[in-house]
Amino acid sequence: MKISRADNFAEGWIVAVRSKAQSMAVSQDERTLMLTYAKRTWGQTENLSGRAAREARGTSEAFGSGFREGKNANLHRPMSAQERLAIEGRAA
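Because the structure is predicted, anything quoted here is derived from the model rather than measured. (Residues numbered from 1 in each chain as written. Predicted model: local features only at pLDDT ≥ 70, side-chain atom pairs only at ≥ 80, totals over all residues. Heavy atoms only, no water.)

Asks: Any chance you could explain the overall build of the protein chain here in plain terms?
Replies: Scanning the protein chain for helices and strands turns up four helices and zero strands. Order of helices (α) and strands (β) in the protein chain, N terminus to C terminus: α-α-α-α. In terms of C-alpha radius of gyration, the protein chain reaches 18 Å, well past the compact-globule figure of 12 Å for 92 residues. Projecting the C-alpha coordinates of the protein chain onto the three principal axes gives extents of approximately 55 × 35 × 20 Å. For the protein chain, the share of sequence-separated contacts (at least 6 apart) that also reach a separation of at least 24 residues comes to 92%. With an accessible surface of roughly 7,800 Å², the protein chain has 55% of that area assigned to carbon and sulfur atoms. The distance from the centre of the 15 positive side-chain charges to the centre of the 10 negative ones in the protein chain is 2 Å. (Helix = DSSP H or I, 4+ residues; strand = E, 2+ residues; numbered from the N terminus. Rg over C-alpha atoms; globule rule 2.2 N^0.38 Å. Contact = heavy atoms within 4.5 Å. Areas by Shrake-Rupley, 256 points an atom, 1.4 Å probe, with all protein chains shown as cover. Lys, Arg positive; Asp, Glu negative; His and termini not counted. Charge placed at Lys NZ, Arg CZ, Asp CG, Glu CD.)

Here's what the structure looks like:
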């Protein structure tokens with residue numbers, strides 16, 4: 001039952017944070033660079049699939065708690081290479 005409540009809390013948190021994360025989407029060029037780096041660093045990675053959280057007593061409350069906590073989460077967009085260079089005084 002604890003695992004089910006934890007799963008539902010996590011699902012609620014993700015639902016609330018998803019829109020914040022989507023606004024931080026990276027450009028296609030940045031995505032290509034990240035994928036190239038990941039493949040070079042870790043090789044071929046496998047796809048993982050999740051599982052649905054089971055229903056148990058208290059899961060609705062857990063989802064709601066996760067959603068409220070996710071609404072309070074603060075996400076910070078990392079600097080681009082150009083922004084970092086500008087701060088260092090080495091703008092391209």
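Picking up where we left off.
Asks: So what exactly am I meant to see when it comes to the packing of helix α1 (residues 2-22) against helix α3 (residues 59-71) here?
Replies: Two quantities define a packed helix pair, namely the angle between the helix axes and the distance between the axes. At a minimum axis separation of 7 Å, α1 and α3 run at an interaxial angle of 35°. Read as a crossing pair, α1 and α3 show a hand that is right-handed. Residues Ser4, Arg5, Asn8, Phe9, Glu11, Gly12, Trp13, Val15, Ala16, Val17 and Lys20 of α1 lie in contact with α3, whose contacting residues are Thr59, Ala62, Phe63, Ser65, Gly66, Phe67, Glu69, Gly70 and Lys71. Taken together, the residues of the contact of α1 with α3 break down into eight nonpolar, seven polar and five charged. (Axes fitted to C-alpha atoms, helices over the stretch in contact; angles between N-to-C directions. Left-handed = near helix turned anticlockwise from the far one by under 90°. Nonpolar A, V, L, I, M, F, W, Y, C, P; charged D, E, K, R; others polar.)

Asks: Teacher, can you tell me more about the environment of Glu69 here?
Replies: With respect to the helices and strands, Glu69 occurs in helix α3. Classification of Glu69 by relative accessible area gives partly exposed; the value is 45%. Placed 67 residues apart in sequence, Glu69 and Lys2 show a C-alpha to C-alpha distance of 18 Å. For Glu69, the residues in contact, after removing those within four places along its chain, are Phe9 and Trp13. (Buried < 20%, exposed > 50% of the residue type's maximum accessible area, 1.4 Å probe, protein only.)

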